[in-house]
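Listed below are the residues making up each chain.
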Amino acid sequence: WEQISNPGYGNAQGIGMVYDIESDRVVLVKGYNGTVKAYDYNTNTWEDRTSTVYSNGSDIAMAYDIESDRILLSNGNGSFHSYDYNNDTWEELISPGDANGDYLAMAYHILANRMIWVKGYNGSTKAYDYNTDSWEILEGPGSSNGRGISLVYDAQNNIIVWASGNGGNGNA
């Protein structure tokens, strides 16, 4: 572990973070007020971005869509957005429909060019295509019984790996 500079949020609940490969920045969003900061590892500095996103939720899931060069964000209030770091702009997208609540997770599946979205509380699982702004219902990993859930893409094996707070884990 290496200590880096503090983004200056103090006590923050409901934050999301993702790495934007094209911009070479870590982008952090604070859930309750939607403020955005970007971290530059090379200079060990945080930059306040002027754009904010309506969040008003304690749970945020974020992932980076490599093909579209967009950060996708889903939060506990049911909204879904994309962020363009280069232009510092947010775009509201079609919601997955049942996103209200907590325990959300997302990961980008590179070969499928889809964002995989899971609501851990009820196991609702969907794939999002940024290019068509559309959702597809998938068979999911099941409920995490109201606990947290986390997803990551394993490029070597071309699978999404998930883990949940109730001890369940697996892949899709």
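Shown above is the structure to which this text applies.
Each residue is numbered by its place in its chain's sequence as written, counting from 1. Note on the predicted model: pLDDT of at least 70 is required for a residue's local features to be given, and 80 or more for side-chain atom pairs to be given and counted; whole-chain, interface and lining totals, by contrast, use all residues. Side-chain metrics in this entry use all non-hydrogen atoms of the structure; hydrogen atoms and water are not considered.

Novice: Sorry if this is basic, but what is going on with the overall build of the chain here?
Specialist: Secondary structure elements are taken from DSSP: a helix is a run of H or I of four residues or more, a strand is a run of E of two residues or more, and numbering for both begins at the N terminus. Scanning the chain from N- to C-terminus turns up zero helices and 15 strands. Each residue gets one of three labels from its accessible area relative to the maximum for its type: buried under 20%, exposed over 50%, partly exposed in between, using a 1.4 Å probe on protein chains only. Split into buried and exposed, the 172 residues of the chain put 48% on the buried side. Any pair of residues with heavy atoms lying within 4.5 Å of one another is described as a contacting pair. Considering only contacts within the chain whose residues lie at least 6 apart along the sequence, 40% involve residues at least 24 apart. All accessible-area figures derive from a Shrake-Rupley calculation using a 1.4 Å probe, and residue coverage is judged against the displayed protein chains alone. When the accessible surface of the chain is totalled, it reaches about 8,800 Å², and 46% of it is carbon and sulfur.

Novice: Even after reading the chapter, I still don't get the pairing of strand 14 (residues 159-164), so can you show me in this structure?
Specialist: Regular strands show a simple pattern: their side chains alternate between the two faces of the sheet. Covered by surrounding structure in strand 14 are Ile160, Trp162 and Ser164 only, the residues Ile159, Val161 and Ala163 on the alternate face being uncovered. Judged from the six bridges that link them, strand 13 (residues 149-154) and strand 14 form a sheet pairing that is antiparallel. Its bridge partner lying in strand 14, Leu151 is registered against Trp162. Between strand 13 and strand 14, which pair antiparallel and follow one another directly, the connecting turn spans four residues, one of which, Asn158, has a positive phi of 55 degrees. At least two bridges found by DSSP between two strands is the condition for calling them paired.

Novice: What am I meant to see in the packing of aromatic side chains here?
Specialist: Note on aromatic pairs: each is described by the distance of the centres and the angle between the planes. Only Phe, Tyr and Trp rings take part, Trp by its six-membered ring, and two of them pair if their centres are within 6.5 Å. Stacked means planes under 30 degrees apart, edge-to-face means over 60, and tilted covers everything else. In this structure the tally under the stated criterion is six aromatic pairs. Between the aromatic rings of Phe80 and Tyr128, the centroid separation amounts to 4.8 Å while the plane-to-plane angle is 70 degrees, which identifies the pairing as edge-to-face. Pair noted here: Phe80 is in strand 7 (residues 80-84) and Tyr128 is in strand 11 (residues 124-129), with a separation of 48 residues, a long-range link. What makes Phe80 buried here is its relative accessible area of 0%. Residue Tyr128 is classed as buried on the basis of its relative accessible area, which comes to 1%. Summarising the aromatic geometry, the rings of Tyr83 and Trp90 are spaced 4.6 Å apart at their centres and angled 35 degrees between planes, so their arrangement reads as tilted.

Novice: Could you clarify how one ought to interpret the sheet that holds strand 8 (residues 89-92) in this entry?
Specialist: The strands that make up a sheet are held in pairs by hydrogen bonds between backbone atoms, and each pair lies either parallel or antiparallel. The four strands are arranged 5-6-7-8 in an open sheet whose pairing can be described as antiparallel. Single-partner strands in this sheet number two, and they are strand 5 (60-65) and strand 8. Taking each pair of neighbouring strands and ignoring which way they run, the sheet shows an average axis angle of 25 degrees. Angles run from 0 to 180 degrees between N-to-C directions of axes, and those axes are lines fitted to C-alpha atoms, restricted for helices to the stretch in contact.

Novice: Got a minute to help me understand the environment of Glu67 in this structure?
Specialist: In this structure, Glu67 sits in the loop between strand 5 and strand 6 (70-75). Glu67 sits 64 residues away from Asn131 along the chain, and the two C-alpha atoms are 9.4 Å apart. Sequence-distant contacts of Glu67, defined by excluding residues within four places in its chain, comprise Tyr108, Asn113 and Asn131.

Novice: Explain the pattern of salt bridges here, please?
Specialist: Between side chains of opposite charge, a pair can form as their charged atoms come close. We define a salt bridge as a side-chain nitrogen of Lys or Arg found within 4 Å of a carboxyl oxygen belonging to Asp or Glu. Counted under the stated rule, the structure contains six salt bridges. Among the salt bridges present, the one from Arg49 reaches Glu47, with a minimum N-O distance of 3.1 Å. Residue Glu47 is classed as partly exposed on the basis of its relative accessible area, which comes to 36%. A salt bridge links Asp84 to Arg70, with the shortest nitrogen-to-oxygen separation between them at 3.4 Å. Residue Asp84 is found in strand 7, and its partner Arg70 is found in strand 6; the two are separated by 14 residues along the sequence. For the pair formed by Asp84 and Arg70, the shared burial category is buried.

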